[in-house]
Amino acid sequence: MTTSIYSEHPAGASAAGRQPSVQAMLEARSVAVVGASQRDGSFGARMLAEVAKSAARPAIYPVNPRYDNIAGLRCYPALADLPGPADLVLLGVPDRALEDQLALAAGQGSRSAVIFGNAYEEPDLASPGRPGLRERLAEIARSAGMELCGAGCMGFANPGYGLRAMGYVEPDPIPAGPVALVTHSGSVFSALLRTRRAFGFTLAVSSGQELVTAAPSYLDYALGLPETKVLALVMEAIRQPDRLRAVLERAAARDLPVVLLTAGHTAGGQAMVAAHSGALAGSDGGWEALSRTYGLHRVEDLAELADTLELFSLRTGRGGRAGTASAAPGHGIATVHDSGLERAHAADVADTLGVPFARISDATKARLGELLDPGLQPANPLDVWGTGSGTRELFGQCLSILADDESVDAVALAVDLVTELDGDTAYQLAVLDAAASTAKPLVVLANIPGGVDRETAALLRGRGVPVLDSMRTGMVALRHLLAWQARGPRTVPAARSADPARLARA
């Protein structure tokens, strides 16, 4: 078992009385904002406004020689003029100024920095042997023992501690919850913070090019937070493979689901990864090897990611494995429908994705048969729409009966969940009735993402019922949940030395 420095030193103090550098960055007590501005809409103004929203109330030092003060804060001409080294330096300056400013921060003894810009430099044909700008920035930070978020990133948010280090306007407050997110994409970072889905974050990091500080460092920190119940990784390259393996081993030991979305497993995608970040994209074989070894849950797109995170977040929030079934062959999901065609569609989608339907017992079929209108067959998946009378009671009882069957691991009401023009609330009430009577996962599977009634979805999510956006992505999320529930005690290999090139080729 790999030991984290964060568990060795309670309350964030190292043996020398100072915070470990990653923690000093993510829990900064002082923040210098280089390039701060009072010009409305500018990057410098947004950067300063976001850190000023931090509930932790760090000391904030705007740095810009053009101003004496900004927003009631004294503004310093340069980093050298600060009253002391800042734990965190936000560098909102042009790429051509990055090297000088990072060197000044390092010289002042600052512990960490965020580089938002892409750190691009035109090739210097006169000095072909000179390291590029990104390499020089990395060397400055490493030589000074600094952590470096970026370059080419959106920054990070630490909702539990109450720190915002971002250059773009994001929700206030950041939604808090059990997910620790590390993404190489700034756009994905911003989109997930704004999804208004039923998941929130213990930590959210847009790590960008990871010139110095890579995903394993952020994940190691997040695993030290008891509130972290789910890890979400959106990655295009395998960096620091030894440390990544160690962190995934630690997550497996804590029995936490890890949801992984990767980019760059095609030739075209790999070329775009290289152009985007200068990184060697991790091959699909490399990611698949990690997934098999550590039980990662791979998703294929952002819609699958969101549905899977919502399902895992609400399940872990309700006690994790409580009430789940064993993994005996033949176990699976049960679904209830208001359409015969959509029932057949669900069967097709589930079969294509490898999601098993539970074989319900004769006793369960008999109980269902007592409720159904003539001509409807008690089966799984189940179509219950006949005369349309007593909808709340009929759907609620059918969901509960299926949940009572020992072969059923999870139950779904699979309906379109569109806005009811007559104000009917039978579906949502039926789901809530059934959810109150079972500890098993109970979800709503919508069919048309854009048609989902937002108010109804928000009500259900607020009561702990996941609303999954589409039949396909919802089935994928359920497949991952079944795999997680079926897991036994895991034996994972101890973290070992790994050749990054071999991982990339795997």
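Note: the structure precedes this text.
Conventions we followed
- Residues numbered from 1 in each chain as written.
- Predicted model: local features only at pLDDT ≥ 70, side-chain atom pairs only at ≥ 80, totals over all residues.
- Heavy atoms only, no water.
- Helix = DSSP H or I, 4+ residues; strand = E, 2+ residues; numbered from the N terminus.
- Buried < 20%, exposed > 50% of the residue type's maximum accessible area, 1.4 Å probe, protein only.
- Contact = heavy atoms within 4.5 Å.
- Areas by Shrake-Rupley, 256 points an atom, 1.4 Å probe, with all protein chains shown as cover.
- Pairing = 2+ DSSP bridges.
- Phe/Tyr/Trp six-rings, centres within 6.5 Å; stacked < 30°, edge-to-face > 60°.
- Axes fitted to C-alpha atoms, helices over the stretch in contact; angles between N-to-C directions.
- Salt bridge = Lys/Arg side-chain N within 4 Å of Asp/Glu carboxyl O.
- Core = buried A, V, L, I, M, F, W, Y, C linked by side-chain atoms within 4.5 Å.

Asker: I'm lost on the overall build of the protein chain in this one. Help?
Answerer: Counting secondary structure elements, the protein chain contains 18 helices and 19 strands. Within the protein chain, buried positions represent 57% of all 506 residues. Taking as baseline every contact in the protein chain between residues at least 6 positions apart, the subset at least 24 positions apart corresponds to 74%. Roughly 20,900 Å² of accessible area belongs to the protein chain as shown, and the carbon and sulfur atoms make up 52% of that amount.

Asker: Help me understand the pairing of strand S8 (residues 155–158) in this model?
Answerer: Looking along a regular strand, one sees the side chains alternate between the two faces of the sheet. Of the two faces of S8, the one lined by Gly 155 and Ala 157 and the one lined by Phe 156 and Asn 158 are each fully buried. When S8 meets strand S9 (residues 163–166), the two strands line up antiparallel, connected through four bridges. Bridge pairing in S9 places Ala 157 opposite Arg 164. In the sheet, S8 pairs with strand S11 (residues 201–206) via three bridges, with the strands oriented antiparallel. By the bridge assignment for S11, Gly 155 is matched with Ser 206.

Asker: Would you explain the packing of aromatic side chains in this entry?
Answerer: Two numbers describe a pair of aromatic rings. These are the distance of the centres and the angle of the planes. A full pass over the atoms with the stated rule returns seven aromatic pairs. Centre to centre, the rings of Phe 199 and Phe 201 are 6.0 Å apart; their planes meet at 90 degrees, and the pair counts as edge-to-face. Phe 201 gets classed as buried once you look at its relative accessible area, which sits at 1%. Ring centres of Phe 395 and Tyr 427 lie 5.1 Å apart, and the angle between their planes is 70 degrees; this geometry places the pair in the edge-to-face category. Note that Phe 395 is positioned in helix H14 (residues 391–404) and Tyr 427 in helix H15 (residues 426–435), a separation of 32 residues in sequence.

Asker: What exactly am I supposed to notice about the sheet that holds strand S14 (residues 297–299) here?
Answerer: One open sheet accounts for seven strands, arranged S9-S8-S11-S10-S12-S13-S14; its pairing is mixed. This sheet does not close on itself; its edge strands, each paired only once, are S9 and S14. Neighbour-to-neighbour, the strand axes of this sheet turn through a mean angle of 20 degrees, independent of strand direction. Across the face of the sheet, helix H10 (residues 284–294) comes into contact with strand S12 (230–235), strand S13 (258–262) and S14 while running at roughly 145 degrees to S14.

Asker: Just checking my understanding: could you explain unusual backbone geometry for this structure?
Answerer: Most peptide bonds take the trans form, and the phi angle of most residues other than glycine is negative. The omega angle of the peptide bond from Gly 150 to Ala 151 is 5 degrees, so this bond is cis rather than trans. Mapped onto the secondary structure, Ala 151 falls in the loop between strand S7 (147–150) and S8. Of note, the amide linkage connecting Asp 172 to Pro 173 takes the cis form, showing an omega dihedral of 5 degrees. Secondary-structure assignment places Pro 173 in the loop between S9 and strand S10 (176–183). Even without being a glycine, Arg 57 presents a positive backbone phi close to 50 degrees. Of note, Arg 57 is situated in the loop between helix H3 (43–52) and strand S2 (59–63). One non-glycine residue, Leu 417, lies in the positive phi region at around 55 degrees. If you trace the backbone, Leu 417 turns up in the loop between strand S17 (408–414) and H15. Take Leu 417: its relative accessible area is 7%, and that puts it in the buried class.

Asker: Help me understand the pattern of salt bridges in this model?
Answerer: Oppositely charged side chains can form a pair if their charged atoms are brought close together. Under the counting rule described, the total for this entry stands at 18 salt bridges. Residues Arg 136 and Glu 99 are paired through a salt bridge, measuring 3.0 Å at the closest nitrogen-oxygen approach. Here Glu 99 lies in helix H4 (residues 95–108) and Arg 136 lies in helix H5 (residues 133–144), a separation of 37 residues in the sequence. The salt bridge involving Arg 197 is made with Asp 469; its shortest N-O contact spans 3.4 Å. In this pair, Arg 197 sits in the loop between helix H6 (186–193) and S11 while Asp 469 sits in the loop between strand S19 (467–468) and helix H17 (471–485), placing the two residues 272 residues apart along the sequence. Since its relative accessible area comes to 13%, Arg 197 is described here as buried.

Asker: Is there a simple way to explain the nonpolar core in this structure?
Answerer: In globular proteins that are soluble, nonpolar side chains generally tend to be buried together. Among the nonpolar cores identified, the biggest contains 49 residues, and Val 33, Leu 88, Leu 90 and Phe 156 are the most heavily contacted of them. Among the elements that take part in this core, helix H7 (residues 215–223) stands out by supplying six residues, more than any other. Once you skip the residues sitting within four places of it in the chain, Phe 156 turns out to touch Met 25, Leu 26, Leu 88, Val 114, Leu 163, Arg 164, Ala 165, Met 166, Phe 189, Ala 204 and Val 205. Counting 45 residues, the second-largest nonpolar core is a separate cluster that includes Met 166, Val 188, Leu 445 and Ala 477.

Asker: Would you mind going over the environment of Gly 332 with me for this structure?
Answerer: When you line up the elements, Gly 332 lands in strand S15 (residues 332–337). We classify Gly 332 as buried; its relative accessible area is 0%. Between the alpha carbons of Gly 332 and Ala 410 there is a distance of 7.0 Å; along the sequence they are 78 residues apart. The residues touching Gly 332, leaving out its near neighbours within four places in the chain, are Pro 356, Phe 357, Ala 358, Ser 407, Val 408, Asp 409, Ala 410 and Leu 482.

Asker: Sorry, what's going on with the sheet that holds strand S6 (residues 112–115) here?
Answerer: Paired through their backbone hydrogen bonds, the strands of a sheet run either parallel or antiparallel. A sheet is described by the order of its strands in space; here five strands give the open sequence S2-S1-S5-S6-S7, paired in parallel fashion. On the outer flanks of this sheet lie S2 and S7, each paired with one strand and no other. Adjacent strand axes in the sheet meet at a mean angle of 15 degrees, parallel and antiparallel pairs treated alike. Of the strand pairs in this sheet, strand S1 (residues 30–34) and strand S5 (residues 88–91) are connected by four bridges, and their pairing is parallel. For Ala 32, the partnering residue across the bridge sits in S5 and is Val 89. Where H4 meets the sheet, it contacts S1, S5, S6 and S7, and its direction lies at approximately 170 degrees from that of S5.

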